[in-house]
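What follows is each chain in one-letter form.
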Amino acid sequence: MQVRAFVGLADADDEKLARALIAKDPNAATVAWERFAPLVRRILRRALGPGQNAEDLVQEVFLRLFLKVHELREPKALGAFIISITTLTVRSELRRRRARSWLGLSPDAAALDLRVVHPDPAGRQALKRFYELLDRFNTRDRMAFVLRYIEGMSLVEVSDALGVSISTAKRSLLHVRRRLADHVQRDPLLADYMTGHLKGNDVE
C-alpha cells in the first residue's frame, strides 16, 4: 500500500506534491528531492561558479523547503518556490564567502574545479574572470542573469522565482547585460566565453 502511494505521488503534478509536503506525507520529501534536486544543484553551481561544494547547499535548500513549505500560497507554484529558496541560499552563501574573504579564510578552492571545467588555460581564465564580474552585482541581478541567460528560463519564470515584477526583472537583466557587455568589449578573452549569453536584447 505504501509502495502504491509512493508511485502515485511520484507521478503527481507539482500542486499535488506541494499539498503532500504541506500535509507531511512521508513520501513527499523523497519525491520532491528526486524531482527538483538536479535543478537546484545546477542553479547553485551556475550562480556560484567553480570551487563551490554544491551538495551541502542543495541539502540546505531542501531543509528550508521542508520548514517553509506551509508558507506556499499557490501549491502549483512549487517549482518557483524552490527556486526562490535557492536564491536565498545563494545570497546567504555569498555573504559567508565575503565574510571568509574579509577574515582571510577563503582559499583558492576554484583552481581544481577550473581545471576540470576548462582544461585549456584560456577557458579557465575566462571563467574565472566571468565569476569575478558576477561578484560585482547584487544577488537579485546576479540570479536574474543566471536564471535567464544560463538556465534559459522565461522572463515570467525569472520574475516568479525572484518574487519581483516582470518590469523589475527586465531592469535587472538590462543592468547586468549592459555592464557585462562593457567589460566584454574591453576583454577579448571574455568575448568567446560570453557568446550566446549576451546576444541581442533578449529581455522580452
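Quick notes on the rules
- Starting afresh in each chain, residues are numbered from 1 along the sequence in its written order.
- Only residues with pLDDT of at least 70 get local features here, since the model is predicted, and only at 80 or more are side-chain atom pairs given and counted; chain-wide, interface and lining totals rely on the full set of residues.
- With hydrogens and water excluded, all non-hydrogen atoms of the structure serve as input to the side-chain values.
- Helix numbering and strand numbering both begin at the N terminus, where a helix is a DSSP run of H or I of at least 4 residues and a strand a DSSP run of E of at least 2.
- Expected helix span is computed as 1.5 Å times (number of residues minus one).
- Exposure categories follow from relative accessible area, calculated using a 1.4 Å probe and restricted to protein chains: below 20% of the type maximum is buried, above 50% is exposed, and the middle band is partly exposed.
- It is the directions from the helix axis to the C-beta atoms whose arc is reported.
- pLDDT gives the predictor's per-residue confidence on a scale running from 0 to 100.
- Throughout, a contact is declared for two residues whenever any of their heavy atoms are within 4.5 Å.
- For salt bridges, the criterion is a side-chain nitrogen of Lys or Arg within 4 Å of an Asp or Glu carboxyl oxygen.
- To obtain each axis, a line is fitted to C-alpha atoms, and for helices this fit is confined to the stretch in contact; angles are then taken between N-to-C directions over 0 to 180 degrees.
- Should an angle lie under 35 degrees it is considered roughly parallel, over 145 roughly antiparallel, and from 65 to 115 roughly perpendicular; all remaining angles are considered oblique.
- In this scheme, a crossing is called left-handed if the near helix is turned counterclockwise away from the far one by less than a right angle; it is called right-handed if the turn is clockwise.
- Three classes are used: nonpolar for Ala, Val, Leu, Ile, Met, Phe, Trp, Tyr, Cys and Pro, charged for Asp, Glu, Lys and Arg, and polar for all others, with Gly counted as polar.

## Section: helix α10 (residues 166–186)
Compared with the 30 Å implied by 1.5 Å per residue over 21 residues, the 31 Å span of α10 between its first and last C-alpha is a close match. Buried within α10 we find T168, A169, S172, L173, V176, R177, L180, H183 and V184. Seen from one end, α10 has its buried residues packed into an arc of 165°, which puts them on one side. Away from its buried face, by an angle of more than 90 degrees, α10 presents the exposed residues R171, R178, Q185 and R186.

## Some details on the confidence of the model for the protein chain
Averaged over every residue, the pLDDT of the protein chain is 80; the share at 70 or more is 76%. Below a pLDDT of 50 lies the segment residues 1–6, which in the model reaches six contacts outside its immediate sequence neighbourhood of four places, other chains included. Predicted confidence is poor over residues 196–201, with pLDDT under 50, and the contacts of this stretch with residues over four places away or in other chains come to 12 contacts.

## With respect to the pattern of salt bridges
Enumeration according to the criterion identifies nine salt bridges in this entry. E151 is the partner of R46 in a salt bridge, and the nearest nitrogen-oxygen pair spans 2.9 Å. Highlighted residues: R46 in helix α3 (residues 28–48) and E151 in the loop between α8 (139–150) and α9 (155–162), separated in sequence by 105 residues. Overall, the relative accessible area of 28% leaves R46 in the partly exposed class.

## A closer look at the packing of α3 against α8
Their axes nearest at 10 Å, the elements α3 and α8 cross at an angle of 120°. Of the possible angle classes, the one that applies to α3 and α8 is oblique. Our pair here, α3 against α8, has a crossing hand that is right-handed. The residues of α8 that touch α3, namely those facing I43, R46, A47 and L48, are R142, M143, V146, L147 and I150. By residue class, the composition of the contact of α3 with α8 is seven nonpolar, no polar and two charged.

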